[in-house]
Structure formats: structure tokens, C-alpha cells
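Fold and geometry: a report
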Amino acid sequence: MQTNILICGVGGQGIVLASKLIAATAMEHDIPVMSAETIGMAQKGGSVFSFLRLGEDIYCPMFPEGSADIIIGFEPAEAVRMLPYLKKGGQVVVNTHPIMPVTATLKGSDYTGQEMLDYIERNVQNSAFIDGETACREIGSPKVLNMIMLGAAVRRGTIPFSVEDIEATMLRTVKPQFAELNSRALRYTK
Amino acid sequence: MGNAAIARGAIAAGLNVVSGYPGTPSTEVLETAAKSNNGSLYVEWSVNEKAALELGAGAAYCGARSMVTMKQVGLNVASDPLMSLAYIGVKGGMVILVADDPGPISSQTEQDTRHFASYSKLPCFDPSSVQEAYDMIQEAFEFSEKYRTPVLFRPTTRVCHGYASIEVKDPSEHKVNEPEGFVKDSSKWVIFPRLSYNAHIHIEERNAELSKVFSEYGRNLIVPAKSSGIRKAVATHGISYTYVMEALRREDAPSVLKVSTPFPFPEQLAVEFLKDKDEVLCVEELDPIIERELTYICGKYQLPVKIRGKLTHDVKTAGENTCASVSANISAFMGWELPEKAAQEEPPTLPVRPPVLCAGCPHRASFFAVKEAMKGKKSVFCGDIGCYTLGNAMPLDMVDTCLCMGAGVNITQGIGKIEPDTNCFAFVGDSTFFASAITGAVNAVYNQADMTLVVLDNSTTAMTGHQPHPGTGRTMMGQVVDKVSIQEVLRGVGVKTVETVDPLELDKAIACVKRVSAEKGVKAIVFKSPCAVLIKGKSPAVIDSGKCTGCKRCINTLGCPGIVMRDGRPAIESSLCTGCGLCSQVCPFDAIGGGENAD
């Protein structure tokens, strides 16, 4: 039994931490895990992704196109960019709030993310749209988007853990003063 | 993380000393060693790779086990001691960890350290996974100590930054290495032509022996074909080995040669692999090293095998491999059909996201101040290696050249000698200044250059993840030490005008640039303001919609990711804005406020 997870978005959205929480939770449950992510220059506002593979008999952390069980998209266009990796019947959980690249702002582009969300709606049967902007505002911090998305993704059932499992790992990882905030974020989507 | 596994493996091997200079993708090796230090380990970020390697050599002369960490271009800086040390050798095990960056993802070059191994005649280890990196670095120390030679250990980005759950040794199984200390022997530790001649003979004999030893080394291996009679085969290494194995999950899979020691090459193992073969596809990243070795071996042993790969254009010559590219290469080679892709609707045009300076980055203000001050004047802006290379992007467009660490300060002098009417600037970060720009400043003073050296001092090594350096007053051992002052260094080497200014005080900064750059000779400006990622930001800026005319000067001059267009008007992206106040100083209508201290 293998689970291939792809998390994608823009540098600074907390993707690396989300990926580490899934990996650490897998290890906690004695499930072998491999992952690979972008680090370095691309972190500064560039497209960022993390591949995660859970299960036995895996050679490399990256998986080919058409094999992700779930894509967790922190940004609409980034989710579309990585959509070729989704396997047939796979799931997409996507944040509806777009991040405008500076290049687009300079050119006066009218990128709103809506065309990306429409594309996902049309092409993925099993998709969930999360208004991460509103969620962050309600919880009271722009830094908890990763926990909101992670909570929403885990509730889809594809990742072999419960929100409680992820929360237990999170509580061991984050500073105590942020624990409550992150717990609320993990449980934001019902 | 692979880098963490390498550090843990080295510690399990009885590591005593680790030194290095930050560089993606190698940085976390030293950082993990520092975090895992139980007090028995000496760890330092050296001022550059040459210093790190020489320090590691000194420790290994004493019988210590030392590791030196750097990225591939760092080895260029350290190549002088490396080439000589190969002749001198070591007493304690010494592993030089050099991380290569196929792509390149975060580097100036796609150079292949396996070449450096054969050039310097040093044994080289090339791990293919996180677990293998953990195990192999321990073996690398054993080989190093047994053969009294430094060895190269060269993972690539996907191994360095890959994560995996791995088996590690219990601390009770860790080797404890107690260095004997330095034993004086000038016939051994002092390099002279006579010594080098004798050492050269010895090195060639040793490497011939190591080639045989490596043919028996378990990490160089032949994975047998899954069915008999397949006369094609694949040779590979490193992370590409895992892509190959993923692509060969089928019953008619050919045999695979995995080369974990590209130098000395396991020749006997290769001969065994090549017999009964008609064709071999070499799947490599960076240079076709296995491909050339196998071609050579076929000639030497008169084996009628066609060797294919990059040299025959069966595999792309540049960039990194992926599961998909390797699967396509192997399918084409084997004559297999690729699985058909499900037809999908063409996606909408995706926005491109080139890396940019962060919102609130003080470098943006520094570049803008110089740009404003030099408006209408003939100027050249030589950049350097660091976050501030991103000052090349529109709309700042303030990096005309970038070559390698510390080069900008000398390149601008060269331009000035040919174009004396140009205002010559060199931008260099604080960490890069200490690593390799000080000699350039001395050169400028000595050779009567006419230039302005701009030091962008954000009190950290930001691009690689905020490592301390000599100007920060902190070491990797956690000590608080005297800060080395950039200003005092510059004055000390003879730069008479050295001014320091906060770039976020824009008017003062512009005035400073105008005043200083008008002087003759070598002068310096230190733009001092901490990295935006390291400080607690102020409250986000606020645009007064009554005053904002929508002129977009803020967007078109600064290119800050914290300002976006919403419903046709500039708006603050409050999740990114740090309240640095630069845009409010640029707005001609005084429409941007906010940026008060939070709380």
C-alpha cells in the first residue's frame, strides 16, 4: 500500500513544515516515508513543491506524473501547474486565495485565480475548495494556512492518518505559544 | 533529510571536527552536526571553503576525523589546498563533502565533482539515497583512514534535500576517535618537489589497487536482469539509480550497473557487467563520466558493446534527470512503448514565478537608493552571489554582472580601466565580503581604482538560511565573540571614505550615495539593515484610497511582492508586508501609511 502526496504553492506559505508533519506522523506509525522538496533560491516567492511517498518498496521520493493520490494546492495556479501529477481519480484540495506574482503585478495582469479554480472544477472530480484567506482571518493569523490545508486534506481520508494523529505531531514540533492556534487551524474545516 | 543523515553518519564514524562554508544544497550537513553536538565535536562556519579545508586538514594531520562541507562551486575556492593535500595525505580520516546541484537549481554552474575526483586523484563516493548516504559516509571515513588520503563525498541536491525514514546506529555503537596529536615530521607534512614526485608514484599505485578494491565494494553492484537473454543494460549512479529502478518495475527489466565510486572506477566489475551485452545506456546527471569510462573499458578489453548516453545524445546533456525523463530514456533505449497519457484539457496560462527579493528586504531599498542617486549618469553595477543577485529583476534592474563569489569588486575595476568615464559600483553582501571580497578591496586601493564598493550588510548569510559570519559576533559553537567590523576592515586596507547608512531611510541613503560616489578613488558605503526574515515586522502598510491616484509608482519602481493590484488599484498584501516603509517614501501623493511597531 503506497500513498503519494504532492503539496504545492508559493515560497513562504509553510509547505515545508506541512510536509514534515506528514512525514513525522508516518514515522510515528512505522510507515516508511520518503519526501523531496524545493529549497533555496526558489523559496523567495517562487513555486514550491513537496513530494511525499508513504509505504513499502519505494526507491525514490519523487513519483512520476499521473501517480499522486492527493494534491494539496496552497495556491490555485500552483495546483494547476502540478495537476499532471494527479492520478486518475485522485483528489485535489486547493486554497482559493491566489498569490499574484510580482511579474504579473508589473505587467498589470488580471490574474485572479478563478480561471484556475474553474479548470480544477472541470477536470477533477474529487476536489475541495478551501477559502484559506477567510480561514486565516477568522483564526487570527496569516501563518496558519498550512495547518488549515493539512487539516482539510487529512479529512479527505486519502492520507492514512487522522487529524488527531497530525495534531499530536504538531504539538511536539511547534512552539507552545502557537500550539492552540495551530490546533484550531487543523480543525477549521469540518 | 539527506544532509542530516550525512551529519549523523559522520558522527557515528567518530567525527571530531567539522568545518565548512554555507552553500545550497550542502548547508544542513554542518548545521545538523552542530545541533547534534554532545560537546565532543568542534564545529565552525569558516570564512570560506579554502579556510575550511585547510583547517580540516590540520585537524586530520593530528589524527582527528574531520569533515569539510561545501557546495560544488565552493570546491573551486578550496581547490588549491585540495590538489596539494592529495599529495600530502592525512593521518585521521578526512571526508570532503561537496554537494553537486544538477539543474542547476541554486548555483552558477553544473560542474561535476566526480571530475574533480579524477583530477585531484582522490577517491570519490556518490550516494544514491538518504539511507545509503548515512551508511556510506561511515565507510568513506574508514577508506580515508586506511589509505591515509582525504576522500570526496559528493551527494546531489535530491539526496541532500530528500527525506526518508532510515535505520541509524545506537549511540553506543558509535566509534570514538581520540586524536593522537600532531607528530612533527617535515619529510611528511612539508610539500617539496621531491616529495610530490614520490607521492605521485604512490598515488597511482594506490588508485590501481583501489579500483580493484572498489570492484568488490558492495555499493558498486550489478542488479541482474529479471529474465535471461536480455543483451541490453543500464549503467547509472546517485539519485538516477532510484529513477532507473522505478522505471524497471517490469518482468523484462535489463540488468543495471550502479557505480557508487566513480573514481577510482571499479573496472573489473564493469568488465563483468559488459560481457554478453550488446548495448548499454548510461543514465547520468551532470557529465558523462560512467559513459566515458565504459567506452574506455570497451576499447581496452576489446568488448563489442555499444555505449550510449549523453555523448550519443540518447540522454539530455544538461539539467537534472527526473523519473519521467529516465523512464522515457529507458523506454526509447529498450524499445518499450510509453504508457499513453490521458487526454486533458489545455490548462489556462500559468503565471511565472521567478524568485524575487522578499517584501521588506532592505536590499530593495539599497538598490533603489543607488538607482535614484545615479539617475542620468553613466554607471555600471556589478553584483555578487547572494540574495541580492535578485536585484537584477525588473523593475530594479540593478545587477549588470554576476560571476562568482567576490568577483564583482574586481570586475568593476576592470570595467573602470577601460571605461574611465563610468561610475563603477560593486555590490557585495556581508558574508560574501568576508568570504572573498576583501582581497578585491585591497587590489582596488593598491591599483588606484575609481569605484564605489557597496556592502549590503543585513547581519546574516541570508540566501543559505541565515548562518552567522565574522561580522555577526556569533560562532557555530554558540560563543559570543568580537564582531569583525566591515568598516574597520575597509579603513584598515586604506579605503579613506567609509560611510554607513540605513537604506530604509531613503532620502539620507540617496544623499549618501550622491556624496560618496562623487569622490575620486576607492570609497565604500555600508548599507546596514537586518534581513527582513529575521526581524519582527511592523504593522502592514495601509493605502489611503482617498489620496491614492492609482499612478502605480510604488509598483513600477519597487517591484515588492507586498504590493499587488486589486480591482485595478494598488493594494497591500498584508500577509507579506513587513511595514518597512519604503513604498510610503516613494509615493508622490503621501498615500501610504501604516508600518507602526506592532503590539
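1. Considering the overall build of chain B
Scanning chain B from N- to C-terminus turns up 21 helices and 21 strands. Its C-alpha radius of gyration of 27 Å places chain B within 12% of the 25 Å reference for a compact globule of 599 residues. Expressed as lengths along the three principal axes of its C-alpha atoms, the size of chain B is roughly 80 × 70 × 55 Å. Burial statistics for chain B: of 599 residues in total, 53% are counted as buried. A separation of at least 24 residues holds for 78% of the contacts in chain B among residues at least 6 apart in sequence.

2. Describing the environment of A:Thr96
All names here are of chain A. Following the sequence through the fold, Thr96 ends up in the loop between strand S5 (86-95) and helix H3 (102-106). Considered as a pair, Thr96 and Arg122 are 26 residues apart in the sequence and their alpha carbons are 15 Å apart. Beyond its immediate sequence surroundings of up to four residues, Thr96 is in contact with Pro76, Gly113, Leu117, Phe129, Ile130 and Asp131.

3. Regarding the domain arrangement of chain B
Parsing chain B into structural domains produces domain 1 (2-191), domain 2 (221-334), domain 3 (362-528) and domain 4 (542-593). Taken over C-alpha atoms, the centre of domain 2 of chain B sits 48 Å from the centre of domain 3 of chain B.

4. Remarks on the pairing of strand S3 (residues 66-71) of chain B
Residues and elements named next belong to chain B. Along S3, 6 of the 6 residues are buried, which leaves the element largely enclosed by surrounding structure. Of the two faces of S3, the one lined by Ser66, Val68 and Met70 and the one lined by Met67, Thr69 and Lys71 are each fully buried. Both strand S1 (residues 17-20) and S3 contribute to a ladder of 4 bridges, which runs parallel. By the bridge assignment, Gly20 is partnered in S3 with Thr69.

5. Details of the interface of chain A and chain B
Facing the 44 residues of chain A at the interface are 42 residues of chain B. Where the side of chain A that touches chain B is concerned, the elements lending two or more residues are helix H1 (15-28), strand S2 (33-37), helix H2 (76-82), H3 and helix H4 (114-123) of chain A. Sheet topology places S2(A) next to strand S7 (residues 162-164) of chain B; 3 bridges connect them, and they run antiparallel. Across the sheet, residue A:Ala36 finds its bridge partner in S7(B), namely B:Gly162.

6. Description of the sheet that holds strand S10 (residues 255-258) of chain B
All names here are of chain B. With respect to topology, 5 strands assemble into an open sheet ordered S8-S10-S9-S11-S12, the strand pairing being mixed. What marks the edges here is a single partner per strand, and that holds for strand S8 (221-223) and strand S12 (306-308). Ignoring strand direction, the axes of neighbouring strands in this sheet form an average angle of 20 degrees. In terms of strand pairing, S8 meets S10 through 3 bridges, oriented antiparallel. By the bridge assignment for S10, Val223 is matched with Val256. Lying on the sheet, helix H11 (residues 238-247) is in contact with strand S9 (232-236), S10 and strand S11 (279-283); it crosses S9 at an angle near 145 degrees.

7. Details of the confidence of the model for chain A
Of all residues in chain A, 97% have pLDDT values of 70 or greater, and the mean over the chain is 91. The spread of mean pLDDT over the elements of chain A runs between H3(A), the lowest at 79, and strand S4 (residues 68-73) of chain A, the highest at 97.

8. Let's talk about the sheet that holds S4(A)
One open sheet holds the 7 strands; their spatial order is S6(A)-S5(A)-S4(A)-S1(A)-S3(A)-S2(A)-S7(B), and the pairing between them is mixed. Every other strand in the sheet has two partners, leaving strand S6 (126-130) of chain A together with S7 of chain B as the edge strands with one partner each. Across the sheet, the axes of successive neighbouring strands diverge by a mean angle of 15 degrees, strand direction being ignored. In terms of strand pairing, S2(A) meets strand S3 (residues 47-54) of chain A through 5 bridges, oriented antiparallel. Bridge pairing in S3(A) places A:Met34 opposite A:Arg53.

Rules behind the numbers
- Residues numbered from 1 in each chain as written.
- Chains lettered and ligands numbered in written order.
- Predicted model: local features only at pLDDT ≥ 70, side-chain atom pairs only at ≥ 80, totals over all residues.
- Helix = DSSP H or I, 4+ residues; strand = E, 2+ residues; numbered from the N terminus.
- Rg over C-alpha atoms; globule rule 2.2 N^0.38 Å.
- Buried ≥ 20, exposed ≤ 12 C-beta atoms within 10 Å, placed from the backbone.
- Contact = placed C-beta atoms within 7 Å.
- Domains from an automatic or database assignment.
- Pairing = 2+ DSSP bridges.
- Axes fitted to C-alpha atoms, helices over the stretch in contact; angles between N-to-C directions.
- pLDDT = per-residue confidence, 0-100.

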